[in-house]
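# Per-entry structural report
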Amino acid sequence: MNRYFEDPAYLWLLVLIPVLAAVHFLMRLRQKQKLRKFGDPDLVRQLMPDVSRWRATAKYGFLLLSLTLLIVAFARPHWGSGTKTEKRKGIETIIAMDVSNSMRAQDVTPSRLDRSKMMVENLVDKFSNDKIGLIVFAGDAFVQLPMTSDYVSAKMFLSSIDPSMIATQGTDVAAAINMAIHSFSQDEQVGKAIIVITDGEDHEGGAVEAAEDAKKRGMHVFVLGVGSTGGAPIPDPSTGKYMFDETGNTVMSALNEDMCKQIAQAGGGAYIHVENGYAAQEQLNDELDKLSKKEISAEVYNSYDEYFVWFALTALLVLIIEVVMLERKNPLLKNVRLFKDKKVKA
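Description of the structure in this document.

Rules behind the numbers
- Residue numbers run consecutively from 1 along every chain, following the written order of its sequence.
- The predicted origin of the model limits local features to residues at a pLDDT of at least 70 and limits the giving and counting of side-chain atom pairs to 80 or more, whereas totals for whole chains, interfaces and linings rest on all residues.
- With hydrogens and water set aside, each side-chain value is computed from the structure's full complement of heavy atoms.
- Centres within 6.5 Å make a pair out of two Phe, Tyr or Trp rings, where for Trp the six-membered ring is used; the pair is then stacked when the planes are under 30 degrees apart, edge-to-face when over 60, and tilted otherwise.
- In this scheme, Lys NZ or Arg CZ marks a charge over a ring once it lies within 6 Å of the ring centre and within 35 degrees of the ring normal.
- Residue exposure (1.4 Å probe, protein chains only): buried if accessible area is under 20% of the type maximum, exposed if over 50%, otherwise partly exposed.
- Starting at the N terminus, helices and strands are each numbered in turn, a helix being any DSSP run of H or I of at least four residues and a strand any DSSP run of E of at least two.
- We treat two strands as partners when DSSP finds at least two bridges between them.
- Throughout, the arc means the angular range of directions from the helix axis out to the C-beta atoms.
- A clockwise course of the path from the first strand over the helix to the second, judged with the strands pointing away from the viewer, identifies a crossover as right-handed.

### Some remarks on the packing of aromatic side chains
All told, the structure shown has three aromatic pairs when counted by the stated rule. Feature note: the residues Tyr10, Phe74 and Phe308 constitute an aromatic cluster, connected by ring pairs. Sitting over the ring of Tyr278, Arg115 keeps its end group 5.6 Å from the ring centre.

Here it is in structure tokens:
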């Protein structure tokens, strides 16, 4: 049984419990010291037969218990059985996303990068028995999300992708493909797809050779070309204007379809032009459906049940007990003595 808290920051409030308990202890101690000024403690107790020595402390204990339960409730505890591994039929897919500055261009709406992220999200929604991984690249490449069947995490990491996450600008498609090659499992029978999403501005070279290497290893390289061949200016988020080169001219970025087609052909996949319609999405889905599917191990994330209500109701019950409990002795039980009282000497 696994457990976690949705809002664990509330648990810091539990520090108040021992502090409040210490304050109550000091107040009771001070009260006893004041009673001693009136005379012998045993004699004082006999003069106040209806006063209970433990009920005030018990009431305060119930109050602290109720507060503790409320704090835990606000932290929103969840219990569940965690994860388990199942065998499912599917493929393995690595998404290599270009995050260079040119992907900010808006010749497809809302931008090349945002349109690409929307396509990947739609692709993930279609997956059921498949595994997915994310690689981001510009002048360098790194793994954003290792191969997984956790589609919720995939969407979370996808939403955080931005050109600012890679300081080295440029477009090194070869680095992305080579990294993707080494991100798959060792199972040779399961279908493996590398989906490169880029505007085709390969500044480093070697992408065709990397695609050929992937094909030899039994992988299919698909290239999604995002943007227009006519070109578009690149927005500069720091100024709110467009980027300029050293001569003061507006930087234009055009889709290099020839490069994209060469990479896809060398990788044994297909080139798909991404525009504002949904044709590219449907074509990509059709291409992936052609890949062989085999039983693969997948981690299934079981649902967790939230126990906020149970802790809140228990806290309310304890609070009701504290309210109805009197500090004075119960009239029906005040004559009950478990131990004999000490006799007071005259």
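Next comes the rest of the account.
### Focus: the pairing of strand 8 (residues 219-226)
With seven of its eight residues buried, strand 8 lies for the most part within the structure. As paired strands, strand 7 (residues 192-198) and strand 8 are joined by seven bridges and run parallel to one another. From the neighbouring strand, Ile197 faces strand 8, where its bridge partner is Leu224. Pairing analysis gives five bridges linking strand 8 to strand 13 (residues 268-274), with the strands arranged parallel. Among the inter-strand pairings, Gly225 is bridged to a residue of strand 13, identified as His273.

### Some thoughts on helix 6 (residues 173-181)
For helix 6, the complete set of buried residues consists of Val173, Ala174, Ala176, Ile177, Ala180 and Ile181. Seen along its axis, helix 6 keeps its buried residues to an arc of 160 degrees; they face one direction.

### Examining the pairing of strand 5 (residues 131-137)
For a regular strand, the rule is simple: side chains alternate between the two faces of the sheet. Of all seven residues in strand 5, seven are buried; the element is thus mostly enclosed. Judged by which residues are buried, strand 5 turns out to be covered on both faces: Lys131, Gly133, Ile135 and Phe137 on one side and Ile132, Leu134 and Val136 on the other are all buried. In this structure, strand 4 (residues 92-98) lies alongside strand 5, joined through seven bridges in parallel fashion. Along strand 5, the bridge assignment pairs Met97 with Val136. As for the winding sense of the linkage, the β-α-β connection from strand 4 through helix 4 (residues 112-126) to strand 5 is right-handed. Here strand 5 runs beside strand 6 (residues 141-148); their pairing, made up of five bridges, is antiparallel. The residue bridging Phe137 from the neighbouring strand is Ala141, located in strand 6.

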